[in-house]
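# Geometric and topological summary
Residues per chain, in single letters:
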Amino acid sequence: MIKSFLSFALLASISVCSVAQDYNFVVDAKKPGVPIQPDMYGIFFEDINFGADGGLYAELIKNRSFDFTNAPLTGWTTYGLVSVQDKGGPFERNPHYVRLTNKFELLTGTGLVNEGFKGIGIKKDEKYKFSLYARAYGDKPVKIFAEFIDSKNENRGRVEIEISGNEWKKYTGEIISKTTDAHAKLNVGMGGSYGTIDLEHISLFPAKTWKDREGGMRADIAQALADLHPGVFRFPGGCIVEGNNLATRYQWKNTIGPVENRPVNENRWNYEFKHRFFPDYFQSYGLGFFEYFQLCEDFGAQPLPVLSVGFSCQFQRGREQVVSLDSLQPYIDDALDLIEFANGPATSKWGKIRADMGHPAPFNMKYLAVGNEQWGAQYHIYLKAFMDQIRKKYPNIKIVGSSGPDSEGAEFDRLWPQMKELKVDLVDEHFYRSVDWFLKGATRYDNYDRKGPKVFAGEYACHTRPVKKNSFEAALAESAFLTGVERNADVVQLATYAPLLAHVDAWQWNPDLIWFDNLRMVKSVNYYVQQLYSHYKGTNVLPIKLDGANITGQDGLYANAVIDVQKRQIIVKVANASTMDKNVKIQLANLKQRSLVKPVAESILLKGDMDKENALDEPNTTVPKVSQVNLSGNDLHVKVPAQSFNVYVISL
Ligand code: AHR
């Protein structure tokens, strides 16, 4: 009896899940609609989750300059005679350094060990570039060593360097690793050499970096970003723009010039969450504004910097700071000077600094956001003060204003009319919302004002409950939502998922687009949704209807169509959020038979276990799968699997 009940239940559930229904989607192939901006889908970078130091920025030493506030030996363990000094160092904006004295009677020798960012990732047989600034006391040269210590406490690669003379000099060496270990350490010491030396800016990079740039970015993470083909690149955040207070806000001028003299700043995500305290989270600014513009150029992405409007992070209710209006000019100058740094001639003050850093040609920055998630009665007054001067000097720069931290509500309703009145070019909207919100959000932009400022969906991600994490469930909801974003490409002109990067051992925020440890990275399933939209964005929207209506969730179906007039393709994206397969006829109406060059379409399927995420050990749990579907005349008959996202590419 129990057995037959079970088989009935099984049969019933199979039939619920697999009976396909029939739908007729009609694409009007003759009516290319509004253009889709080439910059439409992009990336949002913030140094959260150890995304910069410990992440994209390939430096392997934490606190290389001994300047973490109030704790100059953070990240280091010392042995023998080591003291911290702050007078007479080579870099005035990072004044601390260490003095090492070794004596014959010291059994341990003298030295210090760096723990890296939750360890130092080393790979067998790979080369690492070690460097430091040093000076020696006395007439004789002093020998130092730098060696990898693996997780078992064994020496796994070493270099020796002689320090001579009492002038600060840069020394370099190369270490070849004898092992692969995600949690190694670097021991720098004096061994059998005696005397006193001073050391500063102790640095270690993999020889292999993105584009082989000295002191550059981690190649695997940068490649994953490049593979998104981002159209726009928002930087440097996020709340980090605003800082815990005004003094620790992000100041771009501190992030350019020689890395050794970029003053270390605390990271705003250090104490944000009580259960995830990171007192060792600082910003070295090794990934600063020059490197950012350079990455934009590498990726072919438009830079979209975000600058402080004079408010520290407003989430710290009661502790937030606002600069007085009559002290705002230095903040406005920062904006004007940044435009000159990016776009000015090499003969201009800030353009010259860019040229001296190796890029005489301008970076052609088009966008600038003033303020991150700002709200309250004063923001629009402050923004206006910026806009008056920016518009006057740089009328072609597109200015992005904020609609606050919420996707709707009192502040949102207050800010949008203010942004319209100010005539900002784009309004930055942020939404970290539920699955349901994202599915319903497929119609969000259908009735937006076509004449007002455009929308920059500057931070968004679907947050599942009860656990917020990357999953196919979230990715599917995002894919459904984006059909509506794309259909309304005349309103929403830019969109960037957030946050971008997270270290598996040191994160503050989940979900994120890409996860990494000290050796590997993994693309989340949400990454693939972004990538599919970015690669198949087309050039113009095409009308696609079901029974004469937009496809915005009827029986769980969401769809949008675009044409790519350059590649001569029609692309149809379909998300099926229901638990039933759907038989869909995609009819290309008003298209001459002979305009189809191939009788087959490419079909890209993204489907996975709703609860699963791609992990470092299982990176391919849910990835796009490509197959071919035959066309029948101008019609494409497809079975859209239950709970799946699909992209159909038809060549004209
Ligand atoms: O993306 C994480 C944070 O979310 C950003 O720093 C902030 O702008 C938003 O609240």
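Below, the structure is looked at part by part. All of these numbers come straight from a predicted model, not from anything done at the bench.

Basis of the calculations
- Residues numbered from 1 in each chain as written.
- Predicted model: local features only at pLDDT ≥ 70, side-chain atom pairs only at ≥ 80, totals over all residues.
- Heavy atoms only, no water.
- Near = heavy atom within 4 Å.
- Polar contact = N/O pair within 3.5 Å; in protein donor to acceptor, adjacent residues only side chain to side chain.
- Areas by Shrake-Rupley, 256 points an atom, 1.4 Å probe, with all protein chains shown as cover.
- Nonpolar A, V, L, I, M, F, W, Y, C, P; charged D, E, K, R; others polar.
- 1 Å grid on protein atoms, 1.4 Å probe; cavity = no way out; pocket = protein on both sides within 12 Å on 5 of 7 lines; lining within 4 Å.
- Points joined across faces, edges and corners; volume = space filled by probe spheres on them.
- Helix = DSSP H or I, 4+ residues; strand = E, 2+ residues; numbered from the N terminus.
- Domains from an automatic or database assignment.
- Pairing = 2+ DSSP bridges.
- Axes fitted to C-alpha atoms, helices over the stretch in contact; angles between N-to-C directions.
- Contact = heavy atoms within 4.5 Å.
- Buried < 20%, exposed > 50% of the residue type's maximum accessible area, 1.4 Å probe, protein only.
- Salt bridge = Lys/Arg side-chain N within 4 Å of Asp/Glu carboxyl O.

### Re the site of the ligand
- Every residue close to the ligand is listed here: Phe 44, Glu 46, Gly 238, Cys 239, Trp 269, Phe 315, Asn 372, Glu 373, Tyr 432, Glu 459, Pro 499 and Trp 509.
- Within the side chain of Asn 372, an N or O atom sits 2.9 Å from an oxygen atom of the ligand.
- Notes on the ligand: free accessible area 280 Å², of which the protein chains cover 97%.
- In terms of residue class, the shell around the ligand is built from seven nonpolar, two polar and three charged.

### Regarding the layout of surface pockets
- There is about 650 Å³ of room inside the largest pocket.
- Along the wall of the largest pocket there are 35 residues; nearest its centre are Phe 205, Glu 214, Gly 215, Gly 216 and Val 259.
- Among the secondary structure elements, those contributing two or more residues to the lining of the largest pocket are strand E8 (127-136), strand E11 (169-176), strand E13 (195-206) and helix H3 (289-299).
- The element contributing the most residues to the lining of the largest pocket is E13, with five residues.
- Counted by class, the lining of the largest pocket contains 14 nonpolar, 11 polar and 10 charged residues.
- Three or more residues apiece are contributed to the lining of the largest pocket by two domains, here domain 2 (41-58 + 210-537) and domain 3 (76-206).

### What about the sheet that holds strand E21 (residues 454-462)?
- Strand order around the closed barrel formed by eight strands is E2-E14-E17-E18-E19-E20-E21-E22, with parallel pairing between neighbours. Pairs of neighbouring strands in the sheet enclose a mean axial angle of 25 degrees, with direction left out of account.
- For strand E18 (residues 367-370) and strand E19 (residues 398-402), the ladder comprises three bridges, and the chain directions are parallel. Within the sheet, the bridge partner assigned to Ala 369 lies in E19 and is Val 400.
- Across the face of the sheet, helix H6 (residues 379-393) comes into contact with E18 and E19 while running at roughly 175 degrees to E19.

### A word on H3
- Counted residue by residue, H3 has nine buried out of 11 residues, so it is predominantly covered.
- Burial in H3 covers these residues: Phe 289, Phe 290, Glu 291, Tyr 292, Phe 293, Gln 294, Leu 295, Cys 296 and Phe 299.
- Each element contacted by the buried residues of H3 is listed here: strand E2 (41-44), helix H2 (219-226), strand E14 (232-235), strand E17 (302-307), helix H4 (329-343) and helix H5 (349-356).
- Positioned one or two residues after H3, Gly 300 has a phi angle of 70 degrees, which is positive.

### With respect to the pattern of salt bridges
- A complete count under the given rule lists 41 salt bridges for this structure.
- A salt bridge links Lys 253 to Asp 337; its shortest N-O distance comes to 2.7 Å. Here Asp 337 lies in helix H4 and Lys 253 lies in the loop between E14 and strand E15 (265-266), a separation of 84 residues in the sequence.
- You can call Lys 253 partly exposed: its relative accessible area is 22%.
- Connected through shared salt-bridge partners, Asp 406, Glu 408, Glu 429, Arg 433 and Arg 444 make up one network.

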